[in-house]
Amino acid sequence: MLTGDAQKFYGLLFGIGFSTLLITQQMTIFINLIERGASGVFNAPEAQVWVMDPVSRTTDVSFPMPATALDKVRSVEGVEWAVPHLRAAANVRTKEGDLEGVAVIGVDDATLIGLPKRMVAGDKTVLFAPDSVVIDDVGTTRLFSDGGQALGERLELNDQRAVIRGIADAIPSFTSQVVLYTRYSNALNYVPGTRNRMTFVLAGVREGESPQAVAARIEKETGLKAQTHDEFARAGINFIIENTGIPTNFGITVFLGFVVGVAIVGLTFSLFLRDNIKQFGALKAIGVTNGKIVQMVAVQAGLVGLIGYALGVVGTVLFLKAFGGNPFFKGFYIPWQIPLISLAAVVVILAITGFIAIRSVLKTEPAAVFR
């Protein structure tokens, strides 16, 4: 009965599969996109506590502090180490004369804490060479037609010479801006500014201490704002959610995917049951109860839903693999919660459409088979 009419069977699969694909894909892009609001935190994994001016909100929305803040943090009980961290915007000019806005990040001169953990090309120690900068791998595609040729390139950074000697494997920022990493002392020269220049203090905690307790102690003793790695990452994500229209736009798309699924599956399922009304009448004539018929329709809906759901999830995986080479999709993954949400949406779609469609079957008299 289910596969006898191929057009309706494939129509049901298409409706469920398309709805699952739309819901899963859009939710995946949404989650990965807002997580980039915390990319600056994720790219400095050594920092257990971030210390900043009280008005600072994220790595991109911050206010500089005086250099004396570093000594204040180092004097707090429970702090194992603390290093300065600078983040500023600048413009660079390539040898071709192209102008590009970049983010300049100054990492600790001695330990290089603040630099991404992995390197695509070169070694972290290249920053100890004069005028050295490390560019993020996505940034190479923005500045150069062939990213592999970025090594050794000279940039004009605020009228100063900067040489790219390494490529970092970094998580792109929300805006996919080009990022240049250099030592803190070099960053002060590359990005001249006001009297207060230090954006953050990155700190580690002593063994036996919790980051939450040390952060609270720093706030109490210094008057600065201190957040743990996870808290500051969450703040960056919340900033994107609260100050952009991304949640609304993606929410509308997911809702439309749900509505499309209900519309297509509901119409097709109703037609499927209506065309088989005589078969249901015959079943009733030989003594099959309404409860058994409901079970049979539920099995049919479950089979269609399972196949369609699998097609939709596989389609999302193939989509990410197909566009994995695009810098915009770098690092995108499917959180395990999203397929479960999509599965729940499919169950709800089938429950709604099945309830609407089966009412006519339950009202069917056994004599319908003779009409």
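Shown above is the structure to which this text applies.
Residues numbered from 1 in each chain as written. Predicted model: local features only at pLDDT ≥ 70, side-chain atom pairs only at ≥ 80, totals over all residues. Heavy atoms only, no water.

### Re the side chain of Thr228
For Thr228, the location among the structural elements is in strand E10 (residues 225-228). Note on Thr228: relative accessible area 5%, which makes it buried. With residues near it in sequence (within four places) discarded, Thr228 still touches Gln48, Val49, Pro211, Gln212 and Ala215. (Helix = DSSP H or I, 4+ residues; strand = E, 2+ residues; numbered from the N terminus. Buried < 20%, exposed > 50% of the residue type's maximum accessible area, 1.4 Å probe, protein only. Contact = heavy atoms within 4.5 Å.)

### Concerning the nonpolar core
In terms of nonpolar packing, the biggest core is built from 40 residues, with Leu157 and Ile218 touching the most fellow members. It is strand E2 (residues 79-93) that provides the largest number of residues to this core, a total of 5 residues. Within the second largest apolar cluster, 25 residues are counted, among which are Ala38, Ala235, Ile237 and Phe319. (Core = buried A, V, L, I, M, F, W, Y, C linked by side-chain atoms within 4.5 Å.)

### Considerations on the side chain of His85
Mapped onto the elements of the fold, His85 is located in strand E2. On the accessibility criterion, His85 (0% relative accessible area) is buried. Beyond its immediate sequence surroundings of up to four residues, His85 is in contact with Trp50, Ile105, Gly106, Gly114, Tyr184, Met198, Thr199, Phe200 and Leu202.

### What to know about the pairing of strand E9 (residues 200-205)
Counting buried positions over the 6 residues of E9 gives 6, a clear majority of the element. Here E9 shows two buried faces, one formed by Phe200, Leu202 and Gly204 and the other by Val201, Ala203 and Val205. Relative to E9, strand E1 (residues 49-52) runs antiparallel, the two being bridged by 3 bridges. Bridging across to E9, Val49 finds its partner in Ala203. Of the strand pairs in this sheet, E2 and E9 are connected by 6 bridges, and their pairing is antiparallel. Pairing of His85 across the sheet is with Phe200, part of E9. (Pairing = 2+ DSSP bridges.)

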